[in-house]
Structures are given as structure tokens and as C-alpha cells.
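What follows is each chain in one-letter form.
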Amino acid sequence: MVRHNVIVIPEGKICDYIDNKFRNDTPEEYVRQTIEKRLVNEHKYSRDRINVEYTLNLGSRKPRADIVIFPKDCTEFNQNNIKVIIECKKETVAPSSKNDGVGQLQSYMSACPNCEWGMWTNGKEKEVYRKIINDKKEIEFVDYNDIPSADGSLDDIDRPTRDKLKKAYEDNLLFVFKTCHNHIYVNEGLQKQPAFFELLKLIFCKIEDEKNIPNPLEFYATSAEKNNPDGQLTVKKRISKIFSRVKTKFSNIFDANDEIKLKPRTTAFLVAELQKYSLLNTNIDIKGKAYEELVGANLRGDRGEFFTPRNVMKMTVEMLAPTIEERVLDSSCGTGGFIVNAMTYVISHLEKTMEKQLGKKKEDWNQEEIILYRTRISEIASNNFFGFDINPDLVKATKMNMVMNNDGSGNILPCNTLELPHQWSDEFKTKLASALGITKNKITNKDSIAFFDVIVTNPPFGSKIPIQDTDILSQYDLGHIWSKDQDGKWNKSDRLQTSVPPEQLFIERCLQLLKPGGRMGIVLPDAILGSPGLEYIRVWLIQKAYIIASIDLHEDTFQPRNGTQTSVLFLQKKTQGEMDNEATSGQMKDYKIFMAMIDRIGHDKRGTPLFKRDKYGNEILVPEEVETTSINSKTQETEVVKTTAQIKIIDDQTKDIPQIFAKWKQQEGIGW
């Protein structure tokens, strides 16, 4: 049994990551806590070398530096021995601010004789300086890409090697992505969407460079290059060569004549920001959150596109449990979150299978085995994973999401899925047929598209975007008007409705796309499941599919952007034989339905994280073990040590549902 240490946290306070003291929960504090976590988890600084709100002596003034770091071999923690000073501000404070900008940081560094490094950040912008004494015995501040890590060197700052690339931690990758995007937006005069796609070109170059084993990394910009025009041109030329390889490999995403349109100065800045991270090895949830928030902020349309929170996607995929052999589709793929989560789930099983076959853990695989693993992932992506969306920009973004997270772009295609299949574009049908291993003339109508084993989707919904095209409505039972007879039985008429919300038609289209016996998880507004006026939909649904589970989501699930009450419905398509038997006998098979209500979704209506509390309402803090570096006092060698911090736990019930569902499914004899 795990015992939690319960600490009462006063309202409006947070528990500091370094010293466990309570501090006011302010925008500045959010930036500082993020930096503190980065210092420990990415830079590997030991907590006992970090001081928070350290009082400095500047003549008659005694200001407090936000964070100071002492060297590994330091025995006296005084102002003379400070090695690094970090100042954290809220987003609205600019680096040029007279009182709170980089000038303040530099005055602090000047007052500390052995302080070599300083960093100023507002969470959106970052300035790093190295203090040197020039030939005239004067202090100079030289721009650098980053402060050195506890176990790193200056070479690692300017040109990291593969073994020194860092895995991003928590929101740091999101911070970096936002910083890069804002830099393009402000300095290049581009609108949000073009700025986003220019950033994605560089992200692709970064991934391609990481994969280019055994050649040394070329995605870098030294501090000297970043700070002079000739060096900036050198960086732009170097990255453009990588992009040439990217265009060849991903001709389905980039045109042959496409190029990086950023100025050399901007290119060098962005490369310097991204170069220290390993995008291949960073945890997929961290990458996914950073990427999908960036996509959502820049490509969100006006067609009811409210992207599903990652915890809901993960829960849904785990409950559907797709296998390596099954074909998986998201018919409204948006940013690609559902399809990436499904691919990740399958990859985890592939990894376990290969570890068992090879007799060793993934971290011990040799280069040949890693290449085999990545090749197999690409095969699975190209054969078994599909995503359709009406928005061509989201299709492009989803392809990039697949490559960044899963090493393969899959079959992500632009299509208005609700249209009649014979009206789907020739290009779409050609690519789909090729991936499915069929001829495109087999894709003719609603009865010839049952290609997929698993569908996981959140269709666009809402009365503001109704489907009114009679050609489209005519192919759906739910596009017709239904009425009750005297016996209370619902019957479909020959007359079409004047307009239908798209989510209602998507239920039917998804069942048409499923193989008999196939299963799906679909996010739907609760009105479909409970409104008396939509009873005919529920009647039609239980005739066509088994309702396996219904998960009622908290009302804040899609907040702060949308307050629609929703559920995730899990269905298994009946075979024609099963439907015929029920029609003949006049009786439907009796079965149980798994139901759950999620009361805690992990955030409130403003999108602010909510944390677990004890029965008295106190937030729960639990120890988290982190590896840092330290100097062995006897051998003077650097060694890795494990330290702990008190952290809060997100109050999220979606994590519990798949395990409970798996036990229920086993009891009910459900075979997937």
C-alpha cells in the first residue's frame, strides 16, 4: 500500500520544487517552478546546490535573486561562490524593461565575483549570458544559447552530441515551441498559420538529423554563429541541406520546390532553441501535449473542431486495445491526437514483443536492432493507420505529428468523409485503395467501405454546422425523418430531414467504415444518448451495433473552449447474420453495458490543473525520485545520485477506467 505524505497547502500558495517552501501562486512563480524542474531534470543540477530567493548585497541594497546555483565542489554557500544566477519574470515583462529586464540580471552577476553564467526568462523569451573579463579588465556579457548542464561542457551548449541530447520535461518543450513560434510571428511578419508551418519545417529537420546515424549532428547553431550575420547564413545553409533530405523522404508533405522561408537570423535563433532536445526520445505525452496545443492555437477552424484532451484519448485507445495486425482509422483526425495515441499503444506492444524475442531491453539494443524496430514501425504506420479530415491544413499537421511521435506518417488523407463515396476525389480513392491493397473501383457506395477493424474519433459537432445537402443526407438512415407508429415503434420514412448535425451522420458513417465485428470509440454530445427527441437514433443504433460501454465525461472536459456535455460511446458492429437473426426472432440479444461517470477530469473550466486532495480537502504531495549529478568527496569524480521532491498528483479518473473496464470485459467474455 502506498502512503502519501499529506501537507496542508494554504489557498493561493504553491510548494516550491527545490526547497518545499510555500510561495505565492503568481505568473512569475509558474515560470520559476518550470525553470527549477528543468534545472534538476534536464540539466541534472543537484537540489542542494540550488538556492531560491537568495539575498544579495549590492551596496546598500539587498535584492533577492530568483535562483542561484553554486558549483559542485563548493563548501561555503556565500555570494562570492555563486556560479549561476537566474531571473524569472511573468510573460508581460520584456527583456528590455528598465527595472526588471536583463540589466537587472547583469547587475546581479557583476556583484558576484565568481558568477560566470546568467539567464533571464519570462517563459516566452530567454536571454543567456556568460560573464568574462576582457583585456582592459572590464566586465563583458557574451550571448550564449543556454547555461551549461551540471555534467556538461561549453561544447555541449554549442554543438551537442547524440548522447548529450536531453529529454524534455513537463511543459518545457511547450515553452520552447511557443518561444520559437512567437519569434517567427514577431520577427518575420508572418501570420500565425504560416509561422506555424515554418516552425514545423525546422522540427522535421531536427528529427531527420537525429535519425541520421552514425553521422554527427548537423542541426546546431553555435553561440558565435547565432550572434553574427555570416554565422547565421552558415546555419541557414546547413539546415537547408537537411531540409533537402526531408523533402525527398516526405514528398507527401512537402513540395519539391518548398524551402525554409525564414531569415538566417531567425533560423539560427530557432535552431539554437531546439538543438539541445531529443525529439525522438522525449516522452510521447510531453511531445504530444506541446505539439497539439501549438496546432490547436494556430490551426483551429470554425467547423466545430474542439480537440480532445490527451487523457480522454489515452483512455479511449486503451479501452479499444488495437493490435499490431488491425487497421485503425480516425475519420475526423484533427491534430492527429487519437491516431498518434493508437499508434503509440501498438508500438508499446511491438517493443515488448521485440524485447522478448531479442532477450534484452530496448536501451540495450544495438544500431541494427534499432533500425529494424523503426522500419517495423514505419511498416505498421503505412499499412494499418489511417486518418481523414476535411481540413487540409490539419491533415498536414497530423502527418507531421505522426512523424514526430511515431516515425511514420501513416495514411493521413484530406476528405469530406460524409460525402457519397463515389464523390470522394480520385486522388483520395487511389491512395486509400493502394494502402488497403484493393482496386479503387471497389470504393463505390456506403455498402462497400467496411475496411477498418478499429475506429477512434471525435467528430465535429453542433447545430451551427448542419448538413443540408440532400445527396449526402440520402445515403444515411439518420438523414431521413423518423416517426413513431401506434405501437410505439420507430419507422424510417422516405422523406429527408432539412438539416442534420454532423455528429449524427458520423455515427452511421463510422459504422459503415467498420468491418462486421469491428469496434469503435466515438465522442458524442450527451443529447444523442438522452434527448427524447433523438430516441430514434438510439433505436437505430442498437439494431446495428452492440453498445459495449458509455463513459460520461465531466462537463469541464473540453473547457476552456467548449462546455458541451459529452460521453465516449464504445460500439461493436453487428454482423449481417446477427442482425438477420434478431429481425427474424423479433428479439435482441440480452447483454450488459459498462458504464462509468468521470467526476474528476484533471482540470477546471478555465483549464487550470486540479490536483488530488485528501478527505479533509488538503492537496496530496508524494515523493518523486530524480537523478542528479554530484561530486564524490573522496574520488572527486562526478557520479549520479537520486534525490526526491514533493510533487502534486493531477486528479484525473480517466487513468483508472481502462483497468476497471479490462476486468469487466474479461468477466463478460468480450474477446478484444
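Note: the structure precedes this text.
Residues numbered from 1 in each chain as written. Predicted model: local features only at pLDDT ≥ 70, side-chain atom pairs only at ≥ 80, totals over all residues. Heavy atoms only, no water.

**Section: the overall build of the chain**
Here is step 1: Along the chain, the regular secondary structure elements total 20 helices and 21 strands.
Here is step 2: Taking 2.2 N^0.38 as the reference for a compact globule, 672 residues should give roughly 26 Å; the C-alpha atoms of the chain span a radius of gyration of 28 Å, in line with that estimate.
Here is step 3: For the C-alpha atoms alone, the extent of the chain along its principal axes is close to 95 × 65 × 55 Å.
Here is step 4: The contacts of the chain with a sequence gap of at least 6 include a subset with a gap of at least 24, amounting to 68%.
Here is step 5: Of the roughly 31,300 Å² that the chain leaves accessible, carbon and sulfur atoms contribute 48%.
Here is step 6: Distance from the positive charge centre (94 side chains) to the negative charge centre (97 side chains) of the chain: 1 Å. (Helix = DSSP H or I, 4+ residues; strand = E, 2+ residues; numbered from the N terminus. Rg over C-alpha atoms; globule rule 2.2 N^0.38 Å. Contact = heavy atoms within 4.5 Å. Areas by Shrake-Rupley, 256 points an atom, 1.4 Å probe, with all protein chains shown as cover. Lys, Arg positive; Asp, Glu negative; His and termini not counted. Charge placed at Lys NZ, Arg CZ, Asp CG, Glu CD.)

**What to know about the sheet that holds strand β12 (residues 411-414)**
Here is step 1: Pairing in this open sheet of 8 strands is mixed, and the strands run β12-β11-β10-β13-β16-β18-β17-β19 from one edge to the other. Where the open sheet ends on each side, the last strands, each with one partner, are β12 and β19 (594-597). Averaged over all pairs of adjacent strands, the angle between strand axes in this sheet comes to 15 degrees, irrespective of strand direction.
Here is step 2: Relative to strand β18 (residues 566-573), strand β16 (residues 514-525) is paired through 7 bridges, and the arrangement is antiparallel. Paired with Gly 521 across the strands is Phe 570, a residue of β18.
Here is step 3: Sheet strands touched by helix α10 (residues 310-320): β13 (452-457), β16, β17 (545-552) and β18. Its angle to β18, the strand with the most contacts, is close to 20 degrees.
Here is step 4: With respect to the sheet, helix α12 (residues 367-384) is in contact with β10 (328-330), β11 (385-389) and β12, its orientation differing from that of β11 by roughly 50 degrees. (Pairing = 2+ DSSP bridges. Axes fitted to C-alpha atoms, helices over the stretch in contact; angles between N-to-C directions.)

**Topic: unusual backbone geometry**
Here is step 1: Here Ile 213 and Pro 214 are connected by a cis peptide whose omega angle stands at 5 degrees.
Here is step 2: Mapped onto the fold, Pro 214 is located in the loop between α5 (192-211) and α6 (223-226).
Here is step 3: A positive phi angle, near 65 degrees, is found at Lys 137, a position not held by glycine.
Here is step 4: Mapped onto the fold, Lys 137 is located in the loop between β8 (126-133) and β9 (139-144).
Here is step 5: Look at Lys 137 and you get exposed, because its relative accessible area is 71%.
Here is step 6: One non-glycine residue, Ala 321, lies in the positive phi region at around 50 degrees.
Here is step 7: Position of Ala 321 among the secondary structure elements: in the loop between α10 and β10.
Here is step 8: Judged by its relative accessible area of 17%, Ala 321 is buried. (Buried < 20%, exposed > 50% of the residue type's maximum accessible area, 1.4 Å probe, protein only.)

**Comments concerning the packing of aromatic side chains**
Here is step 1: All chains considered together, the criterion is met by 24 aromatic pairs.
Here is step 2: Relative to Phe 175, the ring of Tyr 30 has its centre 5.8 Å away and its plane inclined at 75 degrees; by these criteria the two rings are edge-to-face. Separated by 145 residues along the polypeptide, Tyr 30 in helix α1 (residues 27-41) and Phe 175 in helix α4 (residues 172-188) bring together distant segments of the chain.
Here is step 3: Taking relative accessible area as the criterion, Phe 175 reaches 12% and is therefore assigned buried.
Here is step 4: With a centroid separation of 5.3 Å and an interplanar angle of 85 degrees, the aromatic rings of Trp 424 and Phe 428 are classed as edge-to-face. Assigned by exposure class, Trp 424 and Phe 428 land together as buried.
Here is step 5: Pairwise contacts between aromatic rings join Phe 386, Phe 388, Trp 424, Phe 428, Phe 451 and Phe 452 into one cluster. (Phe/Tyr/Trp six-rings, centres within 6.5 Å; stacked < 30°, edge-to-face > 60°.)

**Some thoughts on the pairing of strand β7 (residues 117-121)**
Here is step 1: Taken across its 5 residues, β7 has 5 buried, putting it largely inside the fold.
Here is step 2: Taking every second residue as pointing to the same face, both faces of β7 are buried, with Trp 117, Met 119 and Thr 121 on one and Gly 118 and Trp 120 on the other.
Here is step 3: Bridge count between strand β6 (residues 84-88) and β7: 5 bridges; the pairing is parallel. For Val 84, the partnering residue across the bridge sits in β7 and is Trp 117.
Here is step 4: As a crossover connection, the stretch from β6 through helix α2 (residues 102-110) into β7 is right-handed.
Here is step 5: By the bridge criterion, 5 bridges tie β7 to β8 in an arrangement that is antiparallel. If you follow Met 119 over to β8, its bridge partner there is Val 128. (Right-handed = clockwise from strand over helix to strand, strands pointing away.)

**Considering the pairing of β18**
Here is step 1: Most of β18 is tucked away: 8 of the 8 residues are buried.
Here is step 2: Side chains of β18 alternate between two faces, with Thr 566, Val 568, Phe 570 and Gln 572 and Ser 567, Leu 569, Leu 571 and Lys 573 buried alike.
Here is step 3: Pairing between β17 and β18: 7 bridges, direction antiparallel. In the strand pairing of β18, Ser 550 is matched with Leu 569.

**A word on the pattern of salt bridges**
Here is step 1: Applying the stated criterion across every chain yields a total of 39 salt bridges.
Here is step 2: Across the pair Lys 89 and Glu 87 runs a salt bridge, and its minimum N-O distance is 3.2 Å.
Here is step 3: A salt bridge links Arg 130 to Glu 116, with the nearest nitrogen and oxygen atoms 2.7 Å apart. One end of the pair, Arg 130, is in strand β8; the other, Glu 116, is in the loop between α2 and β7, with 14 residues separating them in the sequence.
Here is step 4: Glu 116 gets classed as buried once you look at its relative accessible area, which sits at 18%.
Here is step 5: Ionic contacts of the salt-bridge type, sharing partners, join the residues Asp 16, Asp 19, Arg 23, Glu 29, Arg 32, Glu 53, Arg 64 and Asp 66 into one network. (Salt bridge = Lys/Arg side-chain N within 4 Å of Asp/Glu carboxyl O.)

**Quick word on helix α18 (residues 535-544)**
Here is step 1: Residues Tyr 536, Ile 537, Trp 540 and Leu 541 constitute the buried set of α18. Around the axis of α18, the buried residues are gathered within 135 degrees of arc, so they sit on the same side.
Here is step 2: Residues of α18 that are buried in the fold lie against β14 (480-484), β15 (490-496), α16 (502-513), α17 (526-530), β17 and β18. (Arc of directions from axis to C-beta.)

**Thoughts on α10**
Here is step 1: Most of α10 is tucked away: 9 of the 11 residues are buried.
Here is step 2: Where α10 is concerned, the buried positions are Arg 310, Asn 311, Val 312, Met 313, Met 315, Thr 316, Val 317, Met 319 and Leu 320.
Here is step 3: Positive backbone phi, approximately 50 degrees, marks Ala 321, located one or two places after α10.

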